[in-house]
Amino acid sequence: MSKKPLILVTNDDGITAPGLRTLISVMNSIGEVVVVAPDSPQSAMGHAITINSTLFLEKITIDDGPQTEYSCSGTPADCVKLAVNEILGRKPDICVSGINHGSNSSINVIYSGTMSAALEAGIEGIPAIGFSLLNYSWGAKFEACKSFVKTITENALKEGIPRGIVLNVNIPDLVEKDIKGIKICRQANASWKEEFDKRTNPLGREYYWLTGAFVNEDKGQDTDEWALANDFVSVVPVQYDLTAHHFIQDLNTWKLNEK
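Here we come to the overall build of the chain. Counting its regular elements, the chain contains seven helices and 11 strands. Scaling as 2.2 N^0.38, a compact globule of 259 residues should have a C-alpha radius of gyration of about 18 Å, and the chain matches this with 20 Å. Reported as C-alpha extents along the three principal axes, the dimensions of the chain are approximately 65 × 55 × 50 Å. Counting the 259 residues in the chain, one finds 46% classified as buried. The long-range fraction of contacts in the chain, counting pairs at least 24 apart against all pairs at least 6 apart in sequence, stands at 77%. Looking at the chain as shown, the accessible area adds up to about 14200 Å², and 52% of this sits on carbon and sulfur atoms. For the chain, the centre of its 23 positive side-chain charges and the centre of its 32 negative side-chain charges are spaced 2 Å apart.

Structure below.
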């Protein structure tokens, strides 16, 4: 009998989040599961790590599943670092992050704690996938995600993900029969147009609430935003090498070494 794959599971919504509990149940059908997740919500933390305060790690039991679970006081990236360096006896065969409550398509990948955990695993040389559902509610229904999460994870384990690449998977908030399939996409060129709601507290001190709107001006039909708007699961391969390779030749024409 072949050995079960070792699967590291994490997220940014916290260890009790319904999306994480769904992801754990799916991974239990695939391999040996170790969970290291934040003890409280860490959404939009990006790739933050804890360097100026202590980190706490507690082995806990949330349900009666076969998985081993740890609650971490740090960020999603902290969770992966602690898992690799302090908990796991060997490098996991894959790391899965999510299922996030809300979209991580397009520019959201930059801010996402879910995807930063997956990217941290990628930096460690671990194949990794971030999963997100387009519903921000704590009471979101994740049943329709299960078959897609399982299919994509099993394919990743079988086919492999090249070092330096991580998969960003977003799932439309639909019942399974209404999801048309899976599309391999590029990240849409979209952005947030921020505004700050300026207010004054009872003590007379001014404060701000960040608000704004998501603006997608990318009309391509090969993007994650197009796929999701047309009822497909989007899969975007992303990388942590941020070098703009196409600009290196032009940059070399600058007179940077002239006195």
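Between helix α1 (residues 18-28) and helix α5 (residues 146-159), the least distance of the axes is 10 Å, while the angle of their chain directions is 50°. If you check the angle between α1 and α5, you find them oblique. Handedness of the α1/α5 crossing: right-handed. Of α5, the residues touching α1 (which contributes Thr22, Leu23, Ser25, Val26 and Met27) are Lys146, Val149, Lys150 and Thr153.

Right, let's get into the nonpolar core. The tendency in soluble globular proteins is for nonpolar side chains to be buried side by side. Of all hydrophobic cores here, the largest spans 34 residues; its most connected members are Val9, Met27, Ile129, Phe131 and Val149. Listing elements by their share of this core, those giving two or more residues are β1 (6-10), α1, β2 (32-38), β5 (94-101), β6 (128-133), α5, β7 (165-171) and β11 (232-239). Take this core: its biggest share by element is five residues, from α1. Sequence-distant contacts of isoleucine 129, that is, excluding residues within four places in its chain, are made with Ile94, Cys95, Val96, Ser97, Ala118, Ile152, Thr153, Ala156, Ile161, Val166, Leu167 and Val169. Grouped together as the second largest cluster of nonpolar side chains are 26 residues, Cys72, Val80, Ala83 and Leu88 included.

This part takes up the packing of aromatic side chains. Think of a pair of aromatic rings as described by two things: how far the centres are apart, and how the planes are tilted against each other in angle. According to the stated counting rule, one finds four aromatic pairs in the structure shown. On the numbers, 6.4 Å between centres and 90° between planes, the contact of phenylalanine 196 with tyrosine 208 is edge-to-face. Here the residue phenylalanine 196 occupies a position in strand β9 (residues 190-200), and tyrosine 208 occupies one in strand β10 (residues 206-216), the gap between them amounting to 12 residues. Take phenylalanine 196: its relative accessible area is 55%, and that puts it in the exposed class. Judged by centre distance (6.3 Å) and plane angle (15°), the rings of tryptophan 226 and phenylalanine 232 are stacked. Overall, the relative accessible area of 24% leaves tryptophan 226 in the partly exposed class. For the cation-ring pair, lysine 183 lies above phenylalanine 232, with the distance from its terminal atom to the ring centre recorded as 4.8 Å.

Nonpolar side chains collect at one region of the surface, where Phe247, Leu251, Trp254 and Leu256 lie side by side and expose about 410 Å² of accessible area between them. Mapped onto the secondary structure, leucine 251 falls in helix α7 (residues 248-251). Classification of leucine 251 by relative accessible area gives partly exposed; the value is 34%.

So, on to the pairing of β10. Every regular strand shows the same layout, with side chains that alternate between the two sheet faces. As defined by bridge partners, β9 adjoins β10 across 11 bridges and the pair is classed as antiparallel. For threonine 200, the partnering residue across the bridge sits in β10 and is glutamate 206. A loop of five residues connects β9 with β10, the two strands running antiparallel in sequence, and glycine 204 in this loop sits at a positive phi of about 85°.

Here α1 lies mainly inside the structure; nine of its 11 residues are buried. For α1, the secondary structure elements touched by its buried residues are β1, β2, β4 (68-72), β5, β6 and α5.

Criteria and cut-off values
The written sequence of each chain sets the order in which its residues are numbered from 1. Whole-chain, interface and lining totals are the exception, using all residues; otherwise, since this is a predicted model, local features are given only for residues with pLDDT of at least 70 and side-chain atom pairs are given and counted only at 80 or more. Heavy atoms throughout the structure, all of them, feed into the side-chain values; hydrogens and water do not. The way it works is that DSSP assigns letters per residue, a run of H or I at least four long becomes a helix, a run of E at least two long becomes a strand, and they are numbered from the N terminus. Note that the radius of gyration is over C-alpha atoms, with the globule rule given as 2.2 Å times the number of residues to the power 0.38. Here's how the labels work: a residue is buried when its accessible area is under 20% of the maximum for its type, exposed when over 50%, partly exposed in between, all with a 1.4 Å probe on protein chains only. Any two residues whose heavy atoms approach within 4.5 Å at even a single point are treated as in contact. The Shrake-Rupley method, run with a 1.4 Å probe sphere, supplies the accessible areas, and residue values consider only the shown protein chains as cover. His is not counted here, nor are the chain ends, while Lys and Arg score as positive and Asp and Glu score as negative. By convention, the point assigned to a charge is CZ for Arg, NZ for Lys, CD for Glu and CG for Asp. Helix axes are fitted only over the stretch in contact, all axes being lines through C-alpha atoms; the angle between N-to-C directions runs from 0 to 180 degrees. Geometric relationships in this document are graded by angle, where less than 35 degrees denotes roughly parallel, more than 145 denotes roughly antiparallel, 65 to 115 denotes roughly perpendicular, and other angles denote oblique. The handedness criterion is simple: a crossing whose near helix is rotated anticlockwise from the far helix by less than a right angle is left-handed, and one whose near helix is rotated clockwise is right-handed. As used here, the term nonpolar core means buried Ala, Val, Leu, Ile, Met, Phe, Trp, Tyr and Cys residues forming a set that is joined through side-chain atoms within 4.5 Å. Any Phe, Tyr or Trp ring, taking Trp's six-membered ring, that has another such ring centre within 6.5 Å forms a pair; planes under 30 degrees apart are called stacked, those over 60 apart edge-to-face, and the others tilted. Note on geometry: a ring has a charge over it if NZ (lysine) or CZ (arginine) is within 6 Å of the ring centre and within 35 degrees of the ring normal. The patches reported here contain residues having more than 30% relative accessible area and no salt bridge. Joining distances are 9 Å for like charges and 5 Å for nonpolar side chains (Val, Leu, Ile, Met, Phe, Trp, Tyr). We define a salt bridge as a contact between a side-chain nitrogen of Lys or Arg and a carboxyl oxygen of Asp or Glu at a distance within 4 Å. Strand pairing follows a simple DSSP-based rule, namely that at least 2 bridges must link the two strands.

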